[in-house]
Amino acid sequence: MEYRQLGHSGLKVPVFSLGTATFGGTNEFFKHWGQTQVDEAARMVDLCLDHGINFFDTADIYSDGASEEILGKALQGKRQRSLISTKATFTMGSGPNDKGSSRYHLIRACEASLKRLNTDHIDLYFMHGFDALTPVEETLRALDDLITSGKISYIGASNFSGWHLMKALATSEKYGLARYVAYQGYYSLIGRDYEWELMPLALDQKVATMVWSPLGWGRLTGKLKRGQPATTGRIAAGGSDGGPTVDDDYLFNVIDALEVIAKNRNKTVPQVALNWLLTRPTVANVVVGARNEEQMKHNLGALEWTLTKDEIAYLDKASHQRPIYPYWHQTGFDERNPKPTQW
């Protein structure tokens, strides 16, 4: 297993982590993602640990806390060998303060996650979204206090805009508070908006990227075929709800390119798509989801090999889209404003 440094920190993480949004399935939204229960989750945890994947990602909102509870039980007796990341910010109750990134909510959310996970500390604690109503310094001071108390070790941001993240980093520097060392964001061969601003920011500020939904909201699993309706998998089960829209011609052009390389390399479409992400700047970790051991074993086939420069260029061309303003304008001044990747 390859381990990479997590941004501007001393923590090393495996290039894959197991995403546990598939654990539980206790509500209408998450049951489309998966309904993995404790026994299967424990087998998947053992499989991951056997392959050096000691990093497990969850969130309080996943199945209303059931994902954290199942992960905590699956890690029983194995916690000291493992890293856990979880998240807070989104609604976890009916009260007016049961949401957001206020000190009030974060202290209670962290304590609740610790209890569900059956652990005394969280290795990486993400703000799941940006809360514009709470002063940034209040959020960061609360997180800094949680670090000082030993309840969390590192902090990260997820789903922030570029200016949200930069404002938080500047606030940390101004007041000497803990800074975000990782950004967990949506990034895939059919979702490359991350490269426009967040990736250059991450490079400049030494913030690691953790990728969520690396298979494009379930569209790059190899189960979608041009001109054929989806009959199995997450998309067929209605799991595209809430995800980004993707033009069909664009999607299948990318899938066609993936299939060419997969055939030449004796790999599968998702294995090629995951491997591509590991070649991208700033990417320290890819959060891979699985409903069972079989799917997790399949994901492992994306490791221990690397796409060639020509193969990467082939995929880049197939997935190219013109960026929005001002990013398309900035490409005309590349010699003074270089981008980490070619669009």
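Computed from a prediction, not measured in an experiment: that's the story for all the values here.

Conventions adopted
Residues numbered from 1 in each chain as written. Predicted model: local features only at pLDDT ≥ 70, side-chain atom pairs only at ≥ 80, totals over all residues. Heavy atoms only, no water. Helix = DSSP H or I, 4+ residues; strand = E, 2+ residues; numbered from the N terminus. Buried < 20%, exposed > 50% of the residue type's maximum accessible area, 1.4 Å probe, protein only. Contact = heavy atoms within 4.5 Å. Pairing = 2+ DSSP bridges. Axes fitted to C-alpha atoms, helices over the stretch in contact; angles between N-to-C directions. Salt bridge = Lys/Arg side-chain N within 4 Å of Asp/Glu carboxyl O. Parallel < 35°, antiparallel > 145°, perpendicular 65-115°, else oblique. Left-handed = near helix turned anticlockwise from the far one by under 90°. Nonpolar A, V, L, I, M, F, W, Y, C, P; charged D, E, K, R; others polar. Core = buried A, V, L, I, M, F, W, Y, C linked by side-chain atoms within 4.5 Å. Polar contact = N/O pair within 3.5 Å; in protein donor to acceptor, adjacent residues only side chain to side chain. Right-handed = clockwise from strand over helix to strand, strands pointing away.

Even after reading the chapter, I still don't get the side chain of Ser172, so can you show me in this structure?
Looking at the element boundaries, Ser172 is found in helix H5 (residues 162–175). Look at Ser172 and you get buried, because its relative accessible area is 3%. When sequence neighbours within four positions are dropped, the list of residues in contact with Ser172 reads Leu140, Leu177, Ala178 and Arg179.

What's the story with the sheet that holds strand S7 (residues 152–158) in this structure? I'm lost.
Note on sheets: strands pair through backbone hydrogen bonds, and any given pair is parallel or antiparallel. Around the barrel, eight strands lie side by side as S3-S4-S5-S6-S7-S8-S9-S10; this closed barrel has parallel pairing. Strand-to-strand twist across the sheet, computed as the mean angle between neighbouring axes with direction ignored, equals 30 degrees. Relative to strand S6 (residues 122–127), strand S5 (residues 83–88) is paired through four bridges, and the arrangement is parallel. The residue of S6 that forms the bridge with Lys87 is Phe126.

When you look at the environment of Ala21 in this model, what are you seeing that I'm missing?
Tracing the backbone shows Ala21 in the loop between strand S3 (16–19) and helix H1 (38–50). C-alpha separation for the pair Ala21 and Gly77, spaced 56 residues apart in sequence, amounts to 22 Å.

Quick question: what am I supposed to make of the pattern of salt bridges here?
Close approach of charged atoms allows side chains with opposite charge to pair. One pass over the full model with this rule turns up 17 salt bridges. In this structure, the salt-bridge partner of Glu68 is Arg116, at a minimum N-O distance of 2.6 Å. A residue pair is termed long-range when its members are at least 10 positions apart, and Glu68 in helix H2 (residues 66–74) and Arg116 in helix H3 (residues 103–117) qualify at 48 residues. The buried category is assigned to Arg116, whose relative accessible area is 19%.

Any chance you could explain the packing of H1 against helix H10 (residues 293–300) here in plain terms?
Packed helices, taken two at a time, are described by the angle between their axes plus the distance between the axes. Where H1 contacts H10, the axes come no closer than 9 Å and their chain directions differ by 20 degrees. In terms of orientation, H1 lies roughly parallel with respect to H10. Where H1 crosses over H10, the handedness of that crossing is right-handed. Contacts between H1 and H10 involve Glu40, Arg43, Met44, Leu47 and Cys48 from the first element and Glu293, Met296 and Lys297 from the second. Considering only residue class, the contact of H1 with H10 consists of four nonpolar, no polar and four charged.

Sorry if this is basic, but what is going on with the nonpolar core here?
A general tendency of soluble globular proteins is for nonpolar side chains to be buried together. Among the nonpolar cores identified, the biggest contains 86 residues, and Phe16, Tyr125 and Tyr180 are the most heavily contacted of them. Counting residues per element, this core draws most heavily on helix H8 (residues 248–265), at nine residues. Among all residues touching Tyr180, those that are not within four sequence positions of it are Met127, Thr139, Leu140, Leu143, Ile155, Gly156, Ala157, Phe160, Leu165, Ala168, Leu169 and Val207.

Teacher, can you tell me more about unusual backbone geometry here?
Trans is the common state for peptide bonds, and a negative phi is the common state for residues other than glycine. A cis amide bond, omega 10 degrees, links Tyr325 with the succeeding residue Pro326. By secondary structure assignment, the location of Pro326 is in the loop between helix H11 (309–319) and helix H12 (327–330). In this model, Lys206 sits at a positive phi of 60 degrees, which is unusual for a non-glycine residue. Assignment of secondary structure puts Lys206 in the loop between helix H6 (198–205) and strand S9 (208–212). Notably, Thr282 is not glycine yet its phi reads approximately 75 degrees, a positive angle. Relative to the assigned elements, Thr282 resides in the loop between helix H9 (269–278) and strand S10 (283–289). Exposure remark for Thr282: the relative accessible area of 16% places this residue in the buried category.

Help me understand the environment of Ser158, please; the structure alone is not making it clear to me.
Along the chain, Ser158 turns up in strand S7. Using a relative accessible area of 1% as the deciding quantity, one classes Ser158 as buried. As for Ser158 and Ala112, which are separated by 46 residues in sequence, their C-alpha atoms are 20 Å apart. Here the side chain of Ser158 touches Asn159 through a polar contact of 3.2 Å, side chain to side chain.

How should the pairing of S7 be read in this particular structure?
Consecutive side chains of a regular strand alternate in pointing toward one face of the sheet and then the other. Here S7 lies mainly inside the structure; five of its seven residues are buried. Looking at chain direction, S6 and S7 are connected through five bridges and run parallel. Across the sheet, residue Met127 finds its bridge partner in S7, namely Ala157. What joins S6 to S7 is helix H4 (residues 136–148), and the crossover it makes is right-handed. Following the chain from S7 across H5 to the adjacent parallel strand S8 (residues 180–186), one finds a crossover that is right-handed.

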